[in-house]
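Listed below, chain by chain, are the residues.
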Amino acid sequence: MGRHINSNTYTKQYILSKVSQELIFSTYFHIPIDIIRDCIDNNTLIISPIREDKHPTCGFRYNNIGMLKFRDFGGYFWGDCFDAVALVISKAYNKTYDISNKKDFIQILKHISLTFKDIINNEETDPNIITKINEGISKLRKDKPIIDLVVREWNKEDINYWNNFGITIQDLNINFVYPIEQYYINRKQNPEPKYFYDSKDPCYAYYLGRGSDNINNYKLYFPKRTKDSHNRFICNCNHLEGILNLSEREYTYIIITKSTKDRIALFRAIKYYSSLYREENIKIGVINIPHETYKLRDIELSWLQDKLINNGEIVTLMDNDRTGMIEALYFKRTFNFKAILIPKTYEAKDFAELMSKLPINKICELIKSTIKKIKTSNGKNISNSNCREQNTSLPF
């Protein structure tokens, strides 16, 4: 970045008079230029070049002032070619280039000038620059994005949505759930907000703690988006969730469930249950996996086991559909965790839905009967067949 080229004119206008926006995107995002043009001409989507992506979720389009924008409809990036360069070289050189900082922006323009020195100055380019760009793209695909939030106040629509599952605003606050006005991803390199609050498309952030990299871990949840939407959840981590609320020791039982919403609904029900049955002296903790194909790490298993009393147990509560049963069987066969499945007779796929259908007193009765079954179920094995047969009681 310290090398000089002949031209001392480092302006956006000068760069774009020499090098097309399409070529800059093509070089820094390592996308063939004909694919970019196909996206522009035919409104097609491609797999993201800057993150792990299983489906085509990204596209290119010129805005009304002639700037080419790349948009990741997964919610991770939305910006022009200069945002793209800032993002890539920040990773390549392990230094944050802030697009809104004048000195940093000049460095971004200088890097583009060096990359395209053959076009701009008719001079030979340094192949090491392309190597560094490729390193930056590779790091982008592996590294954690930085999510920044603008939090708003809870409103009536939020309260009604969560109350449907028996969850109060106090429960949400205790479990580090926040209503979102805006969010940003890698804000310094890509300063445009990726979301603005819309009552038809609310966003809630789950704070999941700070990672060893000193970056805050978040999961963003958009409840009104369709189940098959690629951006119903946006997350910058992949580990057990709810660890901030599993802060005590000597739990009698720890329940592993499959979502934050189920975990908070369980948190609410168990809190009410404990107030009804204080004499039982049972302490129940709840944790959730980030998705229903998650494989528990050895360090996570040890951490959970250290939280239990002697003879305490870890049990699972997954959805009572095929995916949930497969995950329950994985935990049973791998770790010998008993599996709780909600009976089909309740017509509720998960615990949050069960909370929306039954009064809290009935929920507490089911918890009480489930604890009794856990105590008397030693030696019983879960199988595909008896998973399907559980229709009248909470099974194991």
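In what follows, the structure referred to is the one given above.
Since we're looking at a predicted model, the values are computed, not measured.

Trainee: Explain the overall build of the protein chain residue by residue, including any values.
Mentor: Summing up its helical and strand segments, the protein chain has 15 helices and 13 strands in all. Principal-axis analysis of the C-alpha atoms gives the protein chain an extent of 80 × 40 × 35 Å. Out of the 396 residues in the protein chain, the part that is buried amounts to 52%. Across the protein chain, the fraction of contacts at a sequence separation of at least 24, relative to all contacts at a separation of at least 6, is 65%. Taking the 57 positively charged and 47 negatively charged side chains of the protein chain as two groups, their mean positions are separated by 3 Å.

Trainee: Quick one: what's the story with empty space enclosed by the protein, residue by residue and with numbers?
Mentor: Summed over the entire model, instances satisfying the criterion amount to four cavities of 30 Å³ or more. The volume enclosed by the largest cavity comes to roughly 190 Å³. Lining the largest cavity are 18 residues, with Ile255, Leu266, Ile340, Ile367 and Thr370 sitting closest to its centre. Examining the composition of the lining of the largest cavity, we find that six residues originate from one element, helix 14 (residues 360-376), more than from any other. Each residue belonging to the lining of the largest cavity can be placed in one class, and the counts come to 17 nonpolar, one polar and no charged.

Trainee: Can you explain the pairing of strand 10 (residues 251-257)? Please cite residues and give values.
Mentor: Across the seven residues of strand 10, seven count as buried, placing the element largely inside the fold. Pairing of strand 10 with strand 12 (residues 308-317) involves six bridges; the strand directions are parallel. From the neighbouring strand, tyrosine 253 faces strand 12, where its bridge partner is glutamate 313. When strand 10 meets strand 11 (residues 284-288), the two strands line up parallel, connected through five bridges. Its bridge partner being in strand 11, isoleucine 254 is matched across the sheet by glycine 285.

Trainee: Describe the environment of isoleucine 185, and please don't skip the residues or the numbers.
Mentor: As for its position among the elements, isoleucine 185 is in strand 5 (residues 177-185). Classification of isoleucine 185 as buried rests on a relative accessible area of 0%. For the pair isoleucine 185 and cysteine 203, spaced 18 residues apart in sequence, the C-alpha separation works out to 15 Å. Each residue touching isoleucine 185, except ones within four places of it in the same chain, is listed here: Gly75, Tyr76, Pro145, Ile146, Ile147, Asn190, Lys194 and Ile234.

Trainee: Tell me about the packing of helix 10 (residues 260-276) against helix 14, residues and numbers included.
Mentor: Running from N to C, helix 10 and helix 14 point in directions that differ by 80°, and their axes come no closer than 9 Å. When the axes of helix 10 and helix 14 are compared, the pair comes out roughly perpendicular. Taken together, the residues of helix 14 that come into contact with helix 10 (itself represented by Ala269, Ile270, Tyr272, Tyr273 and Leu276) are Ile360, Asn361, Ile363, Cys364, Ile367, Lys368 and Ile371. Residues of the contact of helix 10 with helix 14, tallied by class, amount to 10 nonpolar, one polar and one charged.

Trainee: Go over the sheet that holds strand 11 with me, naming the residues and quoting the values.
Mentor: Taken together, the four strands give an open sheet; going across it, the order is 11-10-12-13, and neighbouring strands pair in parallel fashion. Strands with a single pairing partner mark the edges of an open sheet, and in this sheet they are strand 11 and strand 13 (338-340). Here the strands of the sheet are splayed against their neighbours by 30° on average, with no regard to which way each runs. Of the pairings in the sheet, the one linking strand 12 to strand 13 comprises three bridges and is parallel in character. Each bridged residue has a counterpart across the sheet, and for valine 315 the counterpart in strand 13 is lysine 338. Helix 10 rests against strand 10, strand 11 and strand 12 of the sheet, and its axis sits at about 170° to strand 11.

Trainee: So, the packing of helix 4 (residues 81-92) against helix 7 (residues 127-142): which residues are in play, and what are the values?
Mentor: Packed helices, taken two at a time, are described by their axes: the angle between them and the distance between them. Running from amino to carboxyl end, helix 4 crosses helix 7 at an angle of 95°, the nearest separation of the two axes being 7 Å. As far as their axial angle goes, helix 7 and helix 4 are roughly perpendicular. Of the residues in helix 7, those touching helix 4 at Leu87, Val88, Lys91 and Ala92 are Lys132, Ile133, Gly136, Ile137, Lys139 and Leu140. Residue composition of the contact of helix 4 with helix 7, by class: six nonpolar, one polar and three charged.

Trainee: Can you lay out the sheet that holds strand 1 (residues 58-62) for me, pointing to particular residues and giving the numbers?
Mentor: With antiparallel pairing, three strands are arranged side by side in an open sheet as 1-2-3. If you trace the sheet from one side to the other, it starts and ends with strand 1 and strand 3 (78-79), each paired once. In this structure, strand 2 (residues 68-72) lies alongside strand 3, joined through two bridges in antiparallel fashion. Following the sheet pairing, arginine 71 is matched in strand 3 by tryptophan 78. Against the sheet, helix 2 (residues 21-28) touches strand 1, strand 2 and strand 3, its axis set at about 40° to strand 2.

Trainee: How would you sum up the state of the cysteines? Please name residues and give values.
Mentor: Under the definition given, this model contains zero disulfides. Here cysteine 81 stays free of any disulfide, with the sulfur of cysteine 39 as its closest cysteine sulfur at 16 Å.

Trainee: Break down helix 10 for me, with residues and values.
Mentor: Compared with the 24 Å implied by 1.5 Å per residue over 17 residues, the 24 Å span of helix 10 between its first and last C-alpha is a close match. Where helix 10 is concerned, the buried positions are Thr260, Lys261, Asp262, Arg263, Ile264, Ala265, Leu266, Ala269, Ile270 and Tyr273.

Trainee: Talk me through the pattern of salt bridges; I want residue IDs and the actual numbers.
Mentor: One pass over the full model with this rule turns up 20 salt bridges. With a closest N to O distance of 3.6 Å, aspartate 319 and lysine 349 form a salt bridge. With aspartate 319 in the loop between strand 12 and helix 12 (322-335) and lysine 349 in the loop between strand 13 and helix 13 (351-357), this residue pair connects regions lying 30 residues apart in the sequence. By relative accessible area, which is 32% here, lysine 349 ends up partly exposed. One connected set of salt bridges, linked through shared partners, spans Lys258, Asp262, Asp319, Lys349 and Asp350.

The rules behind the values
- Residues numbered from 1 in each chain as written.
- Predicted model: local features only at pLDDT ≥ 70, side-chain atom pairs only at ≥ 80, totals over all residues.
- Heavy atoms only, no water.
- Helix = DSSP H or I, 4+ residues; strand = E, 2+ residues; numbered from the N terminus.
- Buried < 20%, exposed > 50% of the residue type's maximum accessible area, 1.4 Å probe, protein only.
- Contact = heavy atoms within 4.5 Å.
- Lys, Arg positive; Asp, Glu negative; His and termini not counted.
- Charge placed at Lys NZ, Arg CZ, Asp CG, Glu CD.
- 1 Å grid on protein atoms, 1.4 Å probe; cavity = no way out; pocket = protein on both sides within 12 Å on 5 of 7 lines; lining within 4 Å.
- Points joined across faces, edges and corners; volume = space filled by probe spheres on them.
- Nonpolar A, V, L, I, M, F, W, Y, C, P; charged D, E, K, R; others polar.
- Pairing = 2+ DSSP bridges.
- Axes fitted to C-alpha atoms, helices over the stretch in contact; angles between N-to-C directions.
- Parallel < 35°, antiparallel > 145°, perpendicular 65-115°, else oblique.
- Disulfide = S-S within 2.5 Å.
- Expected span 1.5 Å × (residues − 1).
- Salt bridge = Lys/Arg side-chain N within 4 Å of Asp/Glu carboxyl O.

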